[in-house]
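# An overview of the molecular structure
Each chain is listed here by its residues.
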Amino acid sequence: MQLLHQVKYLIKKEVLLEWRSKYALNGVLLYVVSTVFVCFLSFVSIVPVTWNALFWIIMLFASINAVSKGFLHESKGQQLYIYTIASPLALIISKTIYNVLLMMLLTLIALFFYMMVFDYVPQDLGLYIVATVLGSLSFSTIFTMISAIASKAGNGGMLMAILSFPVIIPVLIVLIKLTKNAIDGLDRSVSLDEIGLLLIINALVAAVTLLLFPYLWRD
């Protein structure tokens, strides 16, 4: 019960801080809107395969900008204060849940804006939305842990990019394949392997994070 109380308190803190500054939400939305608009001016019309790949490239860099602030933008004083009032497990769980919710919101907003600008809708929109939700979950869990590691070293932004890409590229390949099935309107049973693989990856990343973060935070 104490763990749940700490998680609830830390999530509330993250939401209040974000509501006051709106740094992540406004900054990433501005990035997504401007990037989509530039892509529209460059391509005007675009084939579905390129449309799909371009969307995930945009969301990849948007997620790095949104999630990295979780640890990289906290001062040593803030980290010390949290260290005294909450357990490491409560901290990493709250950060992950908050980043998942933030990324799901940003990804869905970006998807509908992207479809509106290019005037294109995948044949199986429901499956595409499921894929974007799973993608948000994957990006959030992976980048949360990577940002925690990078925050313990100097030049954390550069280190986060270096550490995250070897991990995120396989996830990105699976996501592109899954959303390609949605664009082509294939039977949903064809995509069960990709959905299962993404869920397994998310479960493994979450398990490793819960096991390793307490030792990392103790440093």
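For the structure itself, look to the data block above.
Below: a short report on this structure. Per chain, residue numbering runs from 1 following the sequence as it is written. Reporting of local features is limited, given that this is a predicted model, to residues whose pLDDT is at least 70; pairs of side-chain atoms are given and counted only at 80 or more, and all residues count toward the totals for whole chains, interfaces and linings. Heavy atoms throughout the structure, all of them, feed into the side-chain values; hydrogens and water do not.

## Comments concerning the side chain of S147
Runs of H or I in DSSP of at least four residues are treated as helices and runs of E of at least two as strands, each being numbered from the N terminus. One can find S147 in helix α7 (residues 125-151). The buried label applies to any residue whose accessible area, calculated with a 1.4 Å probe on protein chains only, is under 20% of its type's maximum; exposed applies above 50%, and partly exposed to all values in between. Look at S147 and you get buried, because its relative accessible area is 1%. A polar atom in the side chain of S147 sits 2.8 Å from the backbone oxygen of T144. Here a polar contact is recorded for every N or O atom pair within 3.5 Å, except that within protein the pair must consist of a potential hydrogen donor and a potential acceptor, and residues adjacent in sequence are included only if both atoms are side-chain atoms.

## So, the environment of I57
Along the chain, I57 turns up in helix α3 (residues 48-67). Among the residues examined, I57 registers a relative accessible area of 43% and is labelled partly exposed. Between the C-alpha atom of I57 and that of L172, which follows or precedes it by 115 residues, the distance is 8.8 Å.

## A short note on the pattern of salt bridges
Just to be clear on terms, a salt bridge is a Lys or Arg side-chain nitrogen sitting within 4 Å of an Asp or Glu carboxyl oxygen. For the coordinates displayed, the defined rule picks out three salt bridges. We note a salt bridge from R188 to D124, for which the minimum N-O separation is 2.9 Å. You can see R188 sitting in the loop between α8 (156-184) and α9 (192-218) and its partner D124 sitting in the loop between α6 (88-118) and α7, a full 64 residues away along the chain. Looking at D124, the relative accessible area reads 11%, which means it is buried. K180 serves as the salt-bridge partner of D184, at 2.5 Å between the closest nitrogen and oxygen. One end of the pair is D184 and the other is K180, both in helix α8 and four residues apart, which spans about a single turn. Note on D184: relative accessible area 31%, which makes it partly exposed. Accessibility expressed as a relative area gives 29% for K180, which makes it partly exposed.

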